Structure formats: C-alpha cells, structure tokens
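# Descriptive structure summary
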Amino acid sequence: MTKVNKMLERALSIRRPPHAVEGVGAAEDDGGDEPGDVSKTRKHMSIAVRVTNYLTRTGYFWPIVVIGLVIVIVSSVIIHSRDLVCISASSSDHISRLRFFGFDALESDFGSLGVPWCRSKHGKTVEWTYKDLLRGLEEFVPIYEMRPIKNNMHGMGFDHSFGLWFITQWLKPELMIESGAFKGHSTWILRQAMPDTPIVSLSPRHPEKYLKKGPAYVDGNCTYFTGKDFVDFGSMDWGRVLRKHGITDRSRVLVFFDDHQNELKRLKQALKAGFKHLVFEDNYDTGTGDHYSLRQICDQFYIRGGGHSCFKDSDEARIRFRRRKFWEKAVDVEELCGPGEAWWGVRGEMRDDFNHSNKAISYAEHFTNSRFVESVLDVYWELPPVAGPSLTHQTRYDPARTSAPIVEDGRYRLFQRLGLSRFDTSVFNGYTQMVYLQLLHLKFPVVLIVFRGKRSVPKRYGVV
Ligand SMILES: C[S@@+](CC[C@H](N)C(=O)[O-])C[C@H]1O[C@@H](n2cnc3c(N)ncnc32)[C@H](O)[C@@H]1O
C-alpha cells in the first residue's frame, strides 16, 4: 500500500462510527463467539451501507455525495420552474394572490366562502365530462383566435365565449335565440358552433351600428329584432317566430340571455314560452352585478357557501376582508350587507335592466324565489373558469367563489399546449359564472306559499 493510500485509510477509519467498527468488524475479526449474531448483522447490512463502505474505502464517497446534491438542486429548480414563470412575470400583488390558491394552504377559505349552486329537482346533471371540456378547449382556441371583434370590452371574454360555443355545439339546437347582441360577438360564437342553424337576435341596437367605430359582426342567417323592430323577449310572439322557422319542438331551441335583465323574470318568460334550454351569460355572485341572477337567487343558508353573515367579527367577515384586497370583484361584508343586514340579491335588492330598476325584497321573498327556481330546474350547471388565476393572471373574480377551473393552477404545460398562453390576459377577466339551465315543464307550475312572520321561511310549500 502506498503512503498516500495509508493516510487516506487512517483518515477514513477515524470518521467511521465506533459501533460500526465493533459490530461488523469485531465479529468478523474475532472469529465469532456468537455466530448467530454475526450472520444477523451481515444479513441486515443493507446494500446502501455496503455501497457506502465500498465508496468510503475507495475514496469516491464525498465526490459522489456532492454530485448527488447538485443533481437534486438542479432538478428541483427545473420542476418548479413553471411556478417561477408565473411569479417572475407578475407583480408583488400577484404573488400575494398566489398564496390564495394552494401555496399558502388556505383551502379552508374555500369551505367558508364555498360555491353556491342551484339544486335541480331530481339531482340531474349535464352529460359532458371534464375530458369533453378539455377536448372542446383544444378545438375552440384556434376558432377564438379568428374572432372578428378582438376588443369586446363590455361583451364576452374567452371563458364565456368557450362556454357558449361548447354548450351550443353539444346540444345542436334547431334554432338559436339570442337576447343582447351588442357588436355581434356572441352571434358569431353561435355561428361557429352551428354553421347552418338559424339565429334570432333581439337587441335594441343593430350590431351594424357599431361598424362605424370598428369591427362588428352581422350574420347572414339571423333574423334581427333590433332598432325600430326591437321586441323584448317577454313580449315576443314566439308561436309566430317558431312557425316561421318551422320549429315544432321547443325543446330543440337554445335561448341565450346576455341582456342584463332580472333572470327570475327571464326564467318565467322562457317557461311560459315553453323553452327548455337556457344559457345566462352574467350569473353574478351575491352582492354584485346589475341584475338579479340565478346565483343570487339560489344563495341560501342550506347551500355550501350560501347564506351570509353580516356580523363584522365573523369568520366570513375576516376572510372576505382579506380577499377583497386581492380580487376586484370580491365584496367584504360592508358591501355585501344592506340595511337590516339584508345580504340577498345585492344588499337586499332584486335588480333589473342594468340596475335601471330595482326593488327591495324581504328574505322570505328571496327564499320563495329560490324554491320556485329549484322546482322548475332539471339541470343547473355553471361553466368552470377555463384556467386558474396563476395561469390566466386574471385579477377580477375571486376563485374561492367559483368551481374548480378546467386547467388547474400549476398546470402551465397544459395551459401552454392548449394555446391559452397566446392570449392577452384581459380576455380572461370577464368570467361571471355563466350558467346552463334545463327546465322542467310542470303541468301546473303554480306555487302556493304560506308565510309566517317577516323573515321566517315558508311554513308550507306545495305545487298545486
Ligand atoms: C353585455 S351586452 C351583450 C354582449 C354580447 N352578447 C357579446 O358578448 O358581445 C348587452 C346587450 O343587451 C342589450 N339590451 C339591453 N336591453 C335589452 C333587452 N331588453 N333585450 C335584449 N337586449 C337588450 C344592450 O343594448 C347590449 O347590446
């Protein structure tokens, strides 16, 4: 053995733990009074220990440990790089916002704020699955890239455009009715979903009027009730319109509302007209928006995340206060609650027509409305946001008040592969829980309710 090797051997034997020398070495060297013990020791000397011993003996131990550590550090940086992409590309506000979805383990917030959801009468749900939505997204992204109206401020953004397209192409209606056209973006979306199906569009102003100022869309196979020919959905002679289009089965018609009218009013009108499939674009959360929405109507104490506390020291108040700082559309309890601790609708009001008209309603009336809606609902399905806020960088709606996104936070590769990273972040800012409803047509849809007291729930409820 050379001089260098001898020195190395001595140095390494100093580092060896004493009991290892005694346990393994002594038994081997001493010939073994207790062979059973020796064999046991040998049997339990793991491969890792043997490898370590070998490397220690040969002098490769520390270089290999250092190389191993470098590999672990480098791979951990690569694995987490997608998160770093989001963080480095955004403001400190965004980093704080990130803490709300997983990085700060605030799952409990979701439990407290929850997602109010209208219950359907028989618990029926939609036929499509998460996989269908994902496949739909893949198909829709290149379609959306071709949209004629690139700036659709005050109209639909990406999430709802996808939702309307997806639902329409899935249902394949024989006629599409649109109430609220603006510059024609949603008409264009309906057309992409069903290239040959007629459309009926009701809107006070014809979309062509917007052409003077920029892009707008006018459809060649659409009957427009606009300008001097405008008729409100509730006043339309649907029998005549449907006959003209050769429609005999009203359940083959899809009605899309984006007209900012009281959705309870629209639901009753659609029921009366015998329509079954409805989509509401703006399904505002409680305390927000310019019209009474399905979301608001169904926000009840027995729904998870529904019914609210106006008590300033409540958990909900604390959570809302914090979230209000990060999400523009989030409301704290001061904004949520009106006079007399009225939190339902918007501060106890049932708003209508872009909030040009509104009416204070009692809690009992609000409760009655929800029971009525649930009695005629076969399906209630809220479109999930297309992607989580760490991916879209949206800053408006609070993710604690929505269902789980189709592309969840952290799945940057999928977001990118779908082509979603190519869009300007502003297209993801307009999500307001678009909802698809399937209505039940009751034979005698009359609801009889007997109230007890000012804020109590109905004593008796029945359909006669
Ligand atoms: C938010 S915009 C619609 C946006 C459009 N769907 C889009 O995505 O591009 C609301 C539209 O509803 C129209 N509107 C107002 N009152 C209406 C009513 N009673 N019936 C139908 N449309 C109405 C407004 O003139 C406006 O064009």
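Model, not experiment: these values are computed from the prediction.

Counting its regular elements, the protein contains 19 helices and eleven strands. In the protein, the proportion of contacts linking residues at least 24 apart, taken out of those at least 6 apart, comes to 68%. Of the roughly 24,000 Å² of accessible surface on the protein, a fraction of 56% belongs to carbon and sulfur atoms.

Inspection of the region around the ligand gives 21 residues, with Met156, Gly180, Ser186, Asp232 and Asp258 positioned closest. Contact distances for the ligand include 3.1 Å between an oxygen atom and a backbone N or O atom of Phe182. The contact in question runs from a nitrogen atom of the ligand to an N or O atom on the side chain of Ser186, over 2.7 Å. Protein chains shield 89% of the accessible area of the ligand, which is 600 Å² for the free molecule. Elements represented by at least two residues in the shell around the ligand include exactly helix H11 (185–193) and strand S2 (199–203). Split by residue class, the shell around the ligand holds seven nonpolar, ten polar and four charged.

Another point: the state of the cysteines. Scanning the entire structure with this criterion turns up two disulfides. Disulfide pairing is shown between Cys310 and Cys337; the S-S distance is 2.0 Å. Here the S-S torsion is close to -90 degrees, and the disulfide linking Cys310 with Cys337 is therefore left-handed. Highlighted residues: Cys310 in the loop between helix H14 (294–298) and helix H15 (315–324) and Cys337 in the loop between helix H16 (333–336) and strand S6 (349–352), separated in sequence by 27 residues. Overall, Cys310 belongs to the buried group, its relative accessible area being 13%. The class of Cys337 is buried, set by a relative accessible area of 11%. Sequence-ordered numbering of the bonded cysteines in the protein yields a pairing of 1-2, 3-4.

On to the packing of helix H10 (residues 158–171) against H11, then. Contact geometry of H10 with H11 gives a least axis separation of 8 Å together with a crossing angle of 35 degrees. Relative to H11, the crossing made by H10 is right-handed. Residues Ser161, Leu164, Trp165, Thr168 and Gln169 of H10 pack against His185, Ser186, Ile189, Leu190, Gln192 and Ala193 of H11. A class-by-class count of the residues in the contact of H10 with H11 yields five nonpolar, six polar and no charged.

To continue, consider the nonpolar core. Phe158, Phe162, Trp381, Val407, Leu420 and Tyr436 are the most contacted members of the largest nonpolar core, which has 51 residues in total. Put simply, the parts of the chain that give this core at least two residues each are helix H9 (130–145), H10, H11, strand S3 (222–226), strand S4 (253–257), strand S8 (377–382) and helix H19 (412–417). Residue contacts for Leu420: discarding those within four places in its chain leaves Val141, Phe158, Val407, Phe415 and Phe428. Counting residues in each nonpolar core, the second largest holds 46 residues, with Leu175, Val253, Ile297 and Cys298 among its members.

Below, the discussion takes up the sheet that holds S4. Strand order in this open sheet of seven strands is S3-S2-S1-S4-S5-S9-S8, and the pairing throughout is mixed. Every interior strand has two partners, whereas the edge strands, S3 and S8, have only one. For this sheet, the mean angle separating the axes of adjacent strands, direction not counted, is 15 degrees. Looking at chain direction, strand S5 (residues 277–280) and strand S9 (residues 435–439) are connected through four bridges and run antiparallel. The partner of Leu278 across the bridge, within S9, is Leu437. Lying over the sheet, helix H17 (residues 363–376) contacts S8 and S9, oriented at roughly 105 degrees with respect to S8.

Here the protein shows a mean pLDDT of 80. Residues at 70 or above account for 73%. Ignoring residues within four places in sequence, the model shows residues 1–45, a span with pLDDT below 50, making 17 contacts including any to other chains. Between residues 77–111, whose pLDDT stays under 50, and residues either more than four places distant or in other chains, the model counts 45 contacts.

Calculation criteria
Residues numbered from 1 in each chain as written. Predicted model: local features only at pLDDT ≥ 70, side-chain atom pairs only at ≥ 80, totals over all residues. Heavy atoms only, no water. Helix = DSSP H or I, 4+ residues; strand = E, 2+ residues; numbered from the N terminus. Contact = heavy atoms within 4.5 Å. Areas by Shrake-Rupley, 256 points an atom, 1.4 Å probe, with all protein chains shown as cover. Near = heavy atom within 4 Å. Polar contact = N/O pair within 3.5 Å; in protein donor to acceptor, adjacent residues only side chain to side chain. Nonpolar A, V, L, I, M, F, W, Y, C, P; charged D, E, K, R; others polar. Disulfide = S-S within 2.5 Å. Buried < 20%, exposed > 50% of the residue type's maximum accessible area, 1.4 Å probe, protein only. Axes fitted to C-alpha atoms, helices over the stretch in contact; angles between N-to-C directions. Left-handed = near helix turned anticlockwise from the far one by under 90°. Core = buried A, V, L, I, M, F, W, Y, C linked by side-chain atoms within 4.5 Å. Pairing = 2+ DSSP bridges. pLDDT = per-residue confidence, 0-100.

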